[in-house]
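These are the residues of each chain, in order.
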Amino acid sequence: MPRLDWYAFYVADYRADTRHLTPMQHFAYRALIDEIFLSGQHEDPPSVPDDDSYLRAICRPLNDDEWTATRHVLIDGPRALLRSESGRLTQKRVSHEVQKAVARAGKAKTASKVRW
């Protein structure tokens, strides 16, 4: 599978799901979904380790309380935007976008071979 460098970002969909987030939680959420896309795209489904030290390094909270609140809202709470399964964090839309990007890359590769 090729390394994917970008994915479609739908602002209206993002806003609909994230209006309740604080600025720190927005930053952390975007940082985590970008990390899932970039580092976890070769997993099935795309994912990253659900390890607090790893996630804190990505999200860069100011203190323990900020991280606890952010983790609760994004991962552990009732309206969580990320899912923790078998020690890995996933996000449904990222999985969908990776599948689309892989299909798009495959079509481009096939078209290139036909052309040349």
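First, a word on what this report is: a plain description of the structure on this page. Computed from a prediction, not measured in an experiment: that's the story for all the values here.

Scoring rules and cut-offs
Residues numbered from 1 in each chain as written. Predicted model: local features only at pLDDT ≥ 70, side-chain atom pairs only at ≥ 80, totals over all residues. Heavy atoms only, no water. Pairing = 2+ DSSP bridges. Helix = DSSP H or I, 4+ residues; strand = E, 2+ residues; numbered from the N terminus. Phe/Tyr/Trp six-rings, centres within 6.5 Å; stacked < 30°, edge-to-face > 60°. Buried < 20%, exposed > 50% of the residue type's maximum accessible area, 1.4 Å probe, protein only. Lys NZ or Arg CZ within 6 Å of the ring centre and 35° of its normal. Salt bridge = Lys/Arg side-chain N within 4 Å of Asp/Glu carboxyl O.

### Brief notes about the sheet that holds strand 1 (residues 48-49)
The 3 strands are arranged 1-3-2 in an open sheet whose pairing can be described as antiparallel. Strands with a single pairing partner mark the edges of an open sheet, and in this sheet they are strand 1 and strand 2 (83-85).

### Here's the deal with the packing of aromatic side chains
How two aromatic rings sit relative to each other is set out by the distance from centre to centre and by the angle between their planes. Using the criterion set out here, one finds 3 aromatic pairs in the structure. Look at Tyr-7 and Phe-37: their rings are 4.7 Å apart centre to centre, the planes differ by 50 degrees, and that puts the pair in the tilted class. Placement of the pair is Tyr-7 in the segment before helix 1 (11-18) and Phe-37 in helix 2 (residues 23-40), with a sequence separation of 30 residues. On the basis of relative accessibility, which here comes to 18%, the residue Tyr-7 falls in the buried class. Plain terms: the ring middles of Phe-9 and Tyr-14 are 5.3 Å apart, the flat faces sit at 50 degrees to each other, and that makes the pair tilted. Of the residues examined, Tyr-14 reaches a relative accessible area of 14% and is grouped as buried. One aromatic cluster in this structure is built from Phe-9, Tyr-14 and Tyr-29. Sitting over the face of the ring of Phe-9, Arg-30 holds its NZ or CZ atom 4.0 Å from the ring centroid.

### Quick notes on the pattern of salt bridges
On inspection of all chains with the given rule, the structure shows 10 salt bridges. The residue Arg-71 makes a salt bridge to Asp-52 at a minimum N-O spacing of 3.1 Å. A residue pair is termed long-range when its members are at least 10 positions apart, and Arg-71 in helix 4 (residues 64-76) and Asp-52 in helix 3 (residues 52-59) qualify at 19 residues. Arg-71 gets classed as buried once you look at its relative accessible area, which sits at 14%. Judged by its relative accessible area of 36%, Asp-52 falls in the partly exposed class. Among the salt bridges present, the one from Lys-100 reaches Glu-97, with a minimum N-O distance of 3.6 Å. Of this pair, Lys-100 and Glu-97 both sit in helix 5 (residues 92-115), 3 residues apart, roughly one helical turn. For Lys-100, a relative accessible area of 30% translates into the label partly exposed. Taken together, the shared-partner salt bridges connect Asp-13, Arg-93, Glu-97 and Lys-100 into one network.

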